[in-house]
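Chain by chain, the residues run as shown.
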Amino acid sequence: MSRRHFVKHLAGASAMAGTAAMMGQSIRVQAEEMRKNQKSAILLWMGGGPSTIDIWDLKPGAATSGPFRPISTSGDMQICEHMPETAKQMHNLSIVRSMSTREADHNRGRYYMHTGFVPNPNIEHPGYGSVIAHELFEQRQDLAIPPFVSIGGASTGPGFLGMAWAPFSVTSNGRIRNLQMNLEERRLLQRMAALDVIESGFINRTRGSAASEHQKVLKKTLDLMTSEQMEAFKVDKEPEEIKEMYGTNNFGQGCLLARRLVEAQVPFIEVDLGGWDNHAGIFPTLADTKLPQLDKAMAALTADLEQRGLLENTAIIWMGEFGRTPRINAGAGRDHWARSWSCVVGGAGLKGGLAVGETSSDGLAVETEPYSSEDLMATVCRGLGISLETTYTSKNGRPMKIAAGGKVIRELIA
C-alpha cells in the first residue's frame, strides 16, 4: 500500500468515525426519547375504603357533611382543606365523582376494583396490574426486573395469565426479602442450571402448567439478582431533600420508589396506604394522620413526574375498594358505601383539572351517568394506548375482554 493510498483510507476511516459518533449520539437521544414514551401506570391503593365525601366531594351545609371545609384548587373543582399540596396539582388530575359500584364488602370490593369482575369460585381473574404489565411489556423486552411491583402491601394476583405476571412485593424502602443467597455466582449458576434441567423434564412430560410457571419465575428471579436495574429499588440513594419532599413515612417513600421504577421502565406499580376503614372517630384520623400523609406524597409524585417529563406517559390512579356512608354513625365514623363515591386519575394523556359526574347535595346518590371499575380501567387503558378490543381466553375457555368490556369516560379523553 502506497503512502497516498494509506492516507486516503485513513481520511475515509476518520469520516466514518465521525459518522459513527453522530450515529451513537443519535441512538442515545432516541433511546432517551423511547424511554420517555414508554407508558406506565401507578395505582395508589387506599385499603379499607376511604371517605371520599370528606376528601374529593365535600357537601358543605348538608346534614351528611363532616367538619372539613372545601378549598379551591389549580383545577376546576374544590377538595378538602387538608389536601393543600395536592390542590396545587389538580390541573394534572381529575376526580370521577360518580363512581357507583356494587361491592361493599372489603374482600369482594378489593377483588372487584382490582379486576372488574365479582369473585367467582370457578375462575380467578387477573388484576389490572397484571393485565397492564402484560400488555405494555412488549415495549421493553430488555426489562430484567419484574414488570409489576407492589409496594408496601400485597396486590391482586395474575389469575389465568400465569405467575410470570404476578405482583412482585417489596417494602417501601425497596427491600426484597429472601433474595440474598450467600452463594458465589459460579455455584448459584450451577444450581440454577441443574434445577432447570429437572423442571424441563417435568414440562416435557406434560405434567401441567405448574412446573412451567415455576421455571419462568425462577428465571426472572435469577435475572433480578444479577441485573444492574436493581439500582431502581435503592431509594436511600435519593437526595435528602427529595425524600423529604415525598414524606419520610412508608407511603411517601413508597411513592418515591414508584417514581424510580417508572424511570426504570416498570409498566405497573401499586403503592399501598391502608388504614381507611374508619367506622369510628374518622375525622381526627383523617385530619391528623391519613390526609397529611396522602397529601404530601401524592402531590410530590405528581409534581416530580411532571418535572421529569414522565407524567404525560404515566397514569396515576387513586382508589380504594369503595367509599364510606354519607351519614355519620353513632361512633362519629362512616361505614361501607359503594353506591356513590369518587376515584382520581391523571397523567398518560388523560385530561386533568376536571370533576366528572355529580352526586346529590347530601352525597347519597349519583345524579349523572354512573361509572364502574371497568369504566375507570377502560379509560386508563385508552390513555396507555392499550386496545380495548384485546381479548383473553381463560383456562376454562371463556373469552374475556380487557377491562371487562368497560366504557371509556369520554370527558377524560383528550
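Residues numbered from 1 in each chain as written. Predicted model: local features only at pLDDT ≥ 70, side-chain atom pairs only at ≥ 80, totals over all residues. Heavy atoms only, no water.

1. Topic: the environment of Glu369
Part 1 of the reasoning: With respect to the secondary-structure elements, Glu369 resides in the loop between strand E12 (355–356) and helix H10 (373–383).
Part 2 of the reasoning: Leave out the neighbours within four places in its chain, and Glu369 touches Ser98 and Lys407.
Part 3 of the reasoning: Of note is the side chain of Glu369, whose polar atom sits 3.4 Å from the side chain of Tyr371. (Helix = DSSP H or I, 4+ residues; strand = E, 2+ residues; numbered from the N terminus. Contact = heavy atoms within 4.5 Å. Polar contact = N/O pair within 3.5 Å; in protein donor to acceptor, adjacent residues only side chain to side chain.)

2. Comments concerning the pattern of salt bridges
Part 1 of the reasoning: For the coordinates displayed, the defined rule picks out 21 salt bridges.
Part 2 of the reasoning: Taking the shortest distance from any N to any O, the salt bridge between Arg102 and Glu374 comes out at 4.0 Å. Taken together, the residues Arg102 in the loop between strand E4 (93–99) and helix H3 (106–115) and Glu374 in helix H10 connect sequence positions 272 residues apart.
Part 3 of the reasoning: Looking at Arg102, the relative accessible area reads 55%, which means it is exposed.
Part 4 of the reasoning: Residue Arg308 pairs with Asp304 through a salt bridge whose shortest N-O separation is 2.8 Å. (Salt bridge = Lys/Arg side-chain N within 4 Å of Asp/Glu carboxyl O. Buried < 20%, exposed > 50% of the residue type's maximum accessible area, 1.4 Å probe, protein only.)

3. Regarding the side chain of Thr379
Part 1 of the reasoning: With respect to the element layout, Thr379 can be found in helix H10.
Part 2 of the reasoning: Those residues within four positions of Thr379 in sequence are excluded, and the remaining contacts are Leu350, Lys407, Val408, Ile409, Leu412 and Ile413.

4. Examining H10
Part 1 of the reasoning: Here H10 lies mainly inside the structure; 10 of its 11 residues are buried.
Part 2 of the reasoning: Among the residues of H10, Ser373, Glu374, Asp375, Leu376, Met377, Ala378, Thr379, Val380, Cys381 and Gly383 are the ones counted as buried.
Part 3 of the reasoning: In the core, the buried residues of H10 are packed alongside E4, H3, helix H4 (128–136), strand E8 (314–319) and strand E11 (341–346).
Part 4 of the reasoning: A positive backbone phi angle near 80° is found at Gly385, which sits one or two residues after H10.

5. Some points on the packing of helix H8 (residues 250–263) against helix H9 (residues 282–307)
Part 1 of the reasoning: Interaxial distance between H8 and H9 falls to 9 Å at its minimum, and their mutual angle equals 15°. Classified by the angle between their axes, H8 and H9 sit roughly parallel to one another. At the point where H8 passes H9, the crossing takes the right-handed sense. Between H8, through Phe251, Gly252, Cys255, Arg259 and Val262, and H9, the contact on the second element is made entirely by Gln293, Leu294, Ala297, Leu301, Asp304 and Leu305.
Part 2 of the reasoning: A breakdown of the residues in the contact of H8 with H9 according to their chemical character gives 7 nonpolar, 2 polar and 2 charged. (Axes fitted to C-alpha atoms, helices over the stretch in contact; angles between N-to-C directions. Parallel < 35°, antiparallel > 145°, perpendicular 65-115°, else oblique. Left-handed = near helix turned anticlockwise from the far one by under 90°. Nonpolar A, V, L, I, M, F, W, Y, C, P; charged D, E, K, R; others polar.)

6. Here's the deal with the side chain of Thr314
Part 1 of the reasoning: By secondary structure assignment, the location of Thr314 is in strand E8.
Part 2 of the reasoning: When its relative accessible area of 1% is taken as the criterion, Thr314 is described as buried.
Part 3 of the reasoning: Reaching out from Thr314, the side chain makes a polar contact with the backbone oxygen of Leu310 at a distance of 2.8 Å.
Part 4 of the reasoning: Not counting residues up to four positions away in its chain, the partners in contact with Thr314 are Ser40, Ile42, Val262, Leu305, Gly346, Gly347 and Ala348.

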